[in-house]
Amino acid sequence: MKLDVGTIRSNMDGFNSIARIGKETQNMNLGSVRWDFSRCSFFEANMAAPLYVVIARLRNELNDVSVYNVSSGIERILKKNNFLTVFNMTSLPDNNQTTLPFKIFKLHAGEQFYDYLESYMNGRGIPRMTDALTKRFRQSLVEIFLNASIHSDSKSGIFACGQFFPQKHRLDFTIADAGIGIRENVRRYTRKRKMSSCAAINWALTEGNTTKTGNHPGGLGLKLIKDFIRINKGKLQIVSRYGYYEFSSRGASVQKMDYDFRGTSVNIEINTQDTSSYCLKSELSSDDIF
Amino acid sequence: MDDRITIKVADLIGSPLCISAEDGQKVFEKVESLLKSGKPLTISFDRVTMLISLFLNVAIGQLYGSFREEEVRSLVQVNGLSGDDMELLKRVVDNAKKYYANPKGYDAAWHGEEDEDEQ
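It should be emphasised that the depicted structure is a prediction, and the values quoted were computed from it without experimental measurement.

Novice: Give a detailed account of the overall build of chain B, specifying residues and quantitative values.
Specialist: Within chain B, the secondary structure is distributed over six helices and five strands. Helices and strands in chain B line up, N terminus first, as β-α-β-α-β-β-α-α-β-α-α. Within chain B, counting contacts between residues at least 6 apart in sequence, those at least 24 apart form 82% of the total. Of the roughly 5,700 Å² of accessible surface on chain B, a fraction of 47% belongs to carbon and sulfur atoms.

Here it is as structure tokens:
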């Protein structure tokens, strides 16, 4: 089977294209699929993580996946971020240090994920940012990773990669999984079997709401990330099944996609020139906390 | 004589990364057993390099399910946290108080849309 891979950017069209590819190959097993990149004029490297969701599902069904007609420019980008190694192609050194390479993590490898961030955010991979920004960014990514660990039930692990766009002073980092999705988690928890993907994402973003089991509170992680993104003037995208959520300084929106993205992908785009302190209140003492 | 006990979180969980629910549970159980015997304690985050809300929900937020606010306030102190991490802890504690005041409140109030088109 041959399939066109169009241009893939970090926007609704890009996620819809990836979901379409997944839909067209959904019932394949023991087959072979070739992805034609001839109509792909641009591929934002962080989108390798959600694209791998489709690959993981195909490979789980013992399908062969290969790529062809990849332009030299796109091939260079995807070799620099190690993505093409999943097709047994060699990688290229990232001399400009603009990538946080594509990596597959086991579901409960939170500490390894932290080490990965530490390794690529200390003078490698991304630009110099303030300590406060670096800390909030890492905290946000670790929260997202741990959310995926706990909720996704992904059999293939968690996929991550990031890309710095120097001229825009923007850094995109995407964490994706081929798990059950937010909709299924929320449906199970609320017992509302017909809740839509968009409604489920809205539910999950409501402060205090969590599908975690166990007698402890939760539901703060995504709210904290939104607060961070608001101050940073960045962007947050959450894609899960048919739901596409985007939050930026222009506001928040949830839209239904044309195709089913069978997993969850969270993309954070930050403004790397931000100099905010992220310490909003005056000094809190221990006595103020409890 | 100060009989306040200090729990060194990094030592207890064997890591400077306060990120997992399992490690949070370990801290919670230690704090819970000391509070049950009425011992004042300090939770020290010295040497901790990464702290996220998930960990704090389990380690500290969960205390409000076992103890009254006044008990926690009079017996527990924290140190070793930067200003922004103190803010994070404050958010976690405020969220936990709301949660235990009405644990199922959010769910009961939810009237999300349904969509027959999705499988």
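Novice: Go over the sheet that holds strand 1 (residues 2-4) of chain A with me, naming the residues and quoting the values.
Specialist: Residues and elements named next belong to chain A. Judged by pairing direction, the sheet is parallel, and its three strands sit side by side in the order 1-2-3 without closing on themselves. Taken across any chain shown, the strands that pair with only one partner, and hence form the sheet edges, are strand 1 and strand 3 (64-68). For this sheet, the mean inter-axis angle between neighbouring strands, taken without regard to orientation, is 25°. As defined by bridge partners, strand 1 adjoins strand 2 (residues 32-36) across three bridges and the pair is classed as parallel. Counted as the bridge partner of Lys 2 is Arg 34 from strand 2. Where helix 2 (residues 48-60) meets the sheet, its contacts fall on strand 2 and strand 3, and the angle it forms with strand 2 comes to roughly 160°.

Novice: Can you tell me about the pattern of salt bridges, naming the residues and giving the values?
Specialist: One pass over the full model with this rule turns up 22 salt bridges over all chains. The salt bridge partner of Arg 170 of chain A is Glu 269 of chain A, with a shortest N-O separation of 3.3 Å. Of this pair, Arg 170 of chain A sits in strand 6 (residues 170-177) while Glu 269 of chain A sits in strand 8 (residues 251-271); the two residues are 99 residues apart in sequence, bridging distant segments of the chain. Several salt bridges converge on common partners, so that one network encompasses Lys 223, Asp 227 and Arg 230 of chain A together with Arg 91 of chain B.

Novice: Break down the interface of chain B and chain A for me, with residues and values.
Specialist: Opposite the 51 residues of chain B that make contact, chain A presents 50 residues. Both faces considered, chain B and chain A share a buried interface measuring about 4,600 Å² in area, 56% of it formed by carbon and sulfur atoms. Where chain B meets chain A, there are three salt bridges. Between Arg 91 of chain B and Asp 227 of chain A there is a salt bridge whose closest N-O contact spans 3.0 Å. The interface formed by chain B and chain A holds twelve residue pairs in polar contact (both at pLDDT 80 or more) in total. Breaking the side of chain B that touches chain A down by element, the ones donating at least two residues are strand 4 (50-51), helix 3 (53-59), helix 4 (69-75), strand 5 (76-79), helix 5 (83-101) and helix 6 (105-109) of chain B.

Novice: Describe the nonpolar core, and please don't skip the residues or the numbers.
Specialist: Soluble, globular proteins show a tendency: their nonpolar side chains are buried together. Residue and element names in this part refer to chain A. Counting 49 residues, the largest nonpolar core has Phe 113, Phe 137 and Phe 173 as the members making the most contacts within it. The element contributing the most residues to this core is helix 5 (residues 131-151), with eight residues. Not counting chain neighbours up to four residues away, the residues in contact with Phe 137 comprise Met 121, Met 129, Leu 171, Phe 173, Phe 228, Ile 268 and Ile 270.

Novice: Any details on the sheet that holds strand 7 (residues 235-248) of chain A? Residues and values, ideally.
Specialist: Residues and elements named next belong to chain A. The sheet built from five strands is open, its strands ordered 4-5-6-8-7 with antiparallel pairing. Edge positions in the sheet fall to strand 4 (99-105) and strand 7, since each has one partner strand and no second. Each neighbouring strand pair of the sheet contributes to a mean axis angle of 15°, computed without reference to strand direction. Examined bridge by bridge, strand 6 and strand 8 share eight bridges and lie antiparallel to one another. From the neighbouring strand, Asp 172 faces strand 8, where its bridge partner is Glu 269. The sheet contacts of helix 1 (residues 12-24) involve strand 7 and strand 8, and relative to strand 8 the element is tilted by about 145°. Sheet strands touched by helix 7 (residues 197-205): strand 7 and strand 8. Its angle to strand 7, the strand with the most contacts, is close to 45°.

About the cut-offs
- Residues numbered from 1 in each chain as written.
- Chains lettered and ligands numbered in written order.
- Predicted model: local features only at pLDDT ≥ 70, side-chain atom pairs only at ≥ 80, totals over all residues.
- Heavy atoms only, no water.
- Helix = DSSP H or I, 4+ residues; strand = E, 2+ residues; numbered from the N terminus.
- Contact = heavy atoms within 4.5 Å.
- Areas by Shrake-Rupley, 256 points an atom, 1.4 Å probe, with all protein chains shown as cover.
- Pairing = 2+ DSSP bridges.
- Axes fitted to C-alpha atoms, helices over the stretch in contact; angles between N-to-C directions.
- Salt bridge = Lys/Arg side-chain N within 4 Å of Asp/Glu carboxyl O.
- Buried area = accessible area lost by both parts, 1.4 Å probe.
- Polar contact = N/O pair within 3.5 Å; in protein donor to acceptor, adjacent residues only side chain to side chain.
- Core = buried A, V, L, I, M, F, W, Y, C linked by side-chain atoms within 4.5 Å.
- Buried < 20%, exposed > 50% of the residue type's maximum accessible area, 1.4 Å probe, protein only.

Interpretation note: all reported values are geometric properties and have no functional meaning in isolation.
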